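The residues making up each chain are set out below.
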Amino acid sequence: MTNKKVLDNKHKAPLPSEEDAGLIKMCVLLTLVLDVLERDIRIMNISPLKMPDLYIRSLTEVQQRITVQLAETKARMKRQGVKIYSEIRNHEGVEVLYVCRGYQRRFFMLSSFARSEVRRKLGYYLGIDLTQDYAPL
């Protein structure tokens, strides 16, 4: 009986890891950043800025870089057997249901945390050091 148990455990898929959860988090955050950029670009298109094309072009380039990273993240998720099958966003946060090598899992991120992480990621992609105080001219 002990030998059978050892053999059964040997053939089971590995349990979801912190790395798998990290991929889910990255996928959610990159998707949120893309949504923020899309909204901001849409607003800039109709705003009375003097040169909106420069700002839009800058944000579009960031959008393209993030899209590449999101595609790479999703490819890695696929290789590791991780698949998101539900995402719900509301005022409380973002809830993601996913399957990881046959195990069903849930990932939840509070809105305040998501906003902070999106801001940090966007600052990184824009080359802005958010630790420095902003002093308007």
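Residues numbered from 1 in each chain as written. Predicted model: local features only at pLDDT ≥ 70, side-chain atom pairs only at ≥ 80, totals over all residues. Heavy atoms only, no water.

The name an unreviewed UniProt entry assigns to the protein chain is YhjD, from the organism Paenibacillus polymyxa.

**Brief notes about helix H3 (residues 52-79)**
Selection criterion: Here a strand is any run of E in DSSP of at least two residues, a helix any run of H or I of at least four, and the numbering for each starts at the N terminus. Here a helix's expected span is defined as the number of its residues, less one, multiplied by 1.5 Å. Here's how the labels work: a residue is buried when its accessible area is under 20% of the maximum for its type, exposed when over 50%, partly exposed in between, all with a 1.4 Å probe on protein chains only. Only heavy atoms enter the contact rule, under which two residues are in contact if any of them lie within 4.5 Å.
If you check H3, its first and last C-alpha atoms are 40 Å apart, about what 28 residues at 1.5 Å a residue would give, namely 40 Å. Among all positions in H3, only Ile56, Leu59, Val62, Gln63, Ile66, Leu70, Thr73 and Met77 are buried. Packed against the buried residues of H3 are helix H2 (18-46), strand S1 (82-89) and helix H4 (111-126). Directly beyond the C-terminal end of H3, a positive phi value near 75 degrees is found at glycine 81.

**Focus: the packing of H3 against H4**
Condition: Convention adopted: a line fitted to C-alpha atoms gives each axis, helices being fitted over their contacting stretch, and angles between N-to-C directions are expressed from 0 to 180 degrees. Relative orientations are named as follows: roughly parallel for angles under 35 degrees, roughly antiparallel for angles over 145 degrees, roughly perpendicular for angles from 65 to 115 degrees, and oblique for any other angle. Here a crossing is called left-handed whenever its near helix is offset anticlockwise from the far helix by less than a right angle, and right-handed whenever the offset is clockwise. Only Asp, Glu, Lys and Arg are considered charged in this grouping, and only Ala, Val, Leu, Ile, Met, Phe, Trp, Tyr, Cys and Pro are considered nonpolar; every other residue, Gly among them, is considered polar.
It is at 10 Å that the axes of H3 and H4 come closest, and there the two elements cross at 115 degrees. Judged by the angle between their axes, H3 and H4 are roughly perpendicular. For the pair H3 and H4, the sense of crossing is right-handed. Contact with H3, carried on its side by Leu59, Val62, Arg65, Ile66 and Gln69, involves Leu122, Tyr125 and Leu126 of H4 and no other residues of that element. A per-class count over the contact of H3 with H4 returns six nonpolar, one polar and one charged.

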